[in-house]
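Observations on the three-dimensional arrangement
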Amino acid sequence: LERLSENARKADLTNIETVLGAEADPKLPPASMDLVIMVDVYHELSRPQEMLHSIRACLKPDGRLVLVEYKKEDPAIPIRPDHKMTLADIKAEVEAEGYKLDKAIDTLPRQHVVVFKKLTM
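Report follows, based on the coordinates. (Residues numbered from 1 in each chain as written. Predicted model: local features only at pLDDT ≥ 70, side-chain atom pairs only at ≥ 80, totals over all residues. Heavy atoms only, no water.)

Time to look at the nonpolar core. Membership of the largest hydrophobic core comes to 17 residues, with the highest contact counts inside it found for Ile 55, Leu 65, Leu 67, Val 94, Tyr 99 and Phe 116. Where this core is concerned, the elements lending two or more residues are strand 1 (33–39), helix 2 (48–58), strand 2 (59–71), helix 3 (87–95) and strand 5 (111–118). Considering each element in turn, this core owes the most residues, four residues, to helix 2. Not counting chain neighbours up to four residues away, the residues in contact with Val 94 comprise Leu 52, Leu 65, Leu 67, Tyr 99 and Phe 116. (Core = buried A, V, L, I, M, F, W, Y, C linked by side-chain atoms within 4.5 Å. Buried < 20%, exposed > 50% of the residue type's maximum accessible area, 1.4 Å probe, protein only. Helix = DSSP H or I, 4+ residues; strand = E, 2+ residues; numbered from the N terminus. Contact = heavy atoms within 4.5 Å.)

Quick look at the structure:
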């Protein structure tokens with residue numbers, strides 16, 4: 001986080017604020033995020049349902065969550081199987097926590113890009 005802050009300062013980027021999250025909470029203000037993106041992270045979460053709930057709370061009403069995960073459907077991808085996810089697994093886990101699949105983008109050869117919208121309840 002210190003390196004990111006320093007790089008942002010050197011680049012004169014004033015719209016970047018670093019936040020140290022916790023195991024199940026990103027520590028972001030409620031209804032403050034338009035978009036949360038996790039690249040090759042979701043499968044590593046020890047408490048994914050709690051994190052998804054916390055992220056949902058920090059998203060604005062029309063906010064989106066984007067997950068990028070290696071494709072478990074393709075055994076030729078040289079990544080350990082426990083570091084991959086199927087599109088069906090991603091959809092099932094995330095939708096159970098108050099999200100709706102918006103689209104799955106299939107432009108990357110090795111990874112799923114999955115966009116979810118926050119459901120209003």
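This next bit is on helix 2. Three or more residues of helix 2 are buried, namely Pro 48, Met 51, Leu 52, Ser 54, Ile 55, Arg 56 and Cys 58. Summarising the contacts, the buried residues of helix 2 are in contact with strand 1, strand 2, helix 3, strand 4 (99–105) and strand 5.

The computed volume of the largest pocket comes to approximately 250 Å³. Lining the largest pocket are 13 residues; nearest its centre among them are Val 19, Leu 20, Gly 21, Pro 26 and Leu 28. Sort the elements by how many residues they give to the lining of the largest pocket and strand 1 lands first, with three residues. Per-class residue counts for the lining of the largest pocket are eleven nonpolar, one polar and one charged. (1 Å grid on protein atoms, 1.4 Å probe; cavity = no way out; pocket = protein on both sides within 12 Å on 5 of 7 lines; lining within 4 Å. Points joined across faces, edges and corners; volume = space filled by probe spheres on them. Nonpolar A, V, L, I, M, F, W, Y, C, P; charged D, E, K, R; others polar.)

Right, let's get into the pairing of strand 4. The pairing of strand 4 with strand 5 spans six bridges and is classified as antiparallel. Residue pairing in the sheet places Ile 105 in a bridge with Val 113 of strand 5. Between the end of strand 4 and the start of strand 5, which pair antiparallel, lie five residues. (Pairing = 2+ DSSP bridges.)

Not every positive phi belongs to a glycine, and Asp 12 is a case in point at roughly 60 degrees. With respect to the helices and strands, the residue Asp 12 is situated in the loop between helix 1 (2–10) and strand 1. Judged by relative accessible area, which is 62%, Asp 12 ranks as exposed. At Lys 27, a position not held by glycine, the phi torsion is positive, near 60 degrees. Assignment of secondary structure puts Lys 27 in the loop between helix 1 and strand 1.

So, about the pairing of strand 2. Every regular strand shows the same layout, with side chains that alternate between the two sheet faces. Pairing between strand 1 and strand 2: six bridges, direction parallel. Note on strand 2: the bridge partner recorded for Ile 37 is Val 66. Across seven bridges, the pairing between strand 2 and strand 5 is antiparallel. Directly across from Leu 65, in strand 5, lies its bridge partner Phe 116. Relative to strand 3 (residues 84–85), strand 2 runs parallel, the two being bridged by two bridges. Bridge pairing links Tyr 70 to Lys 84 in strand 3.

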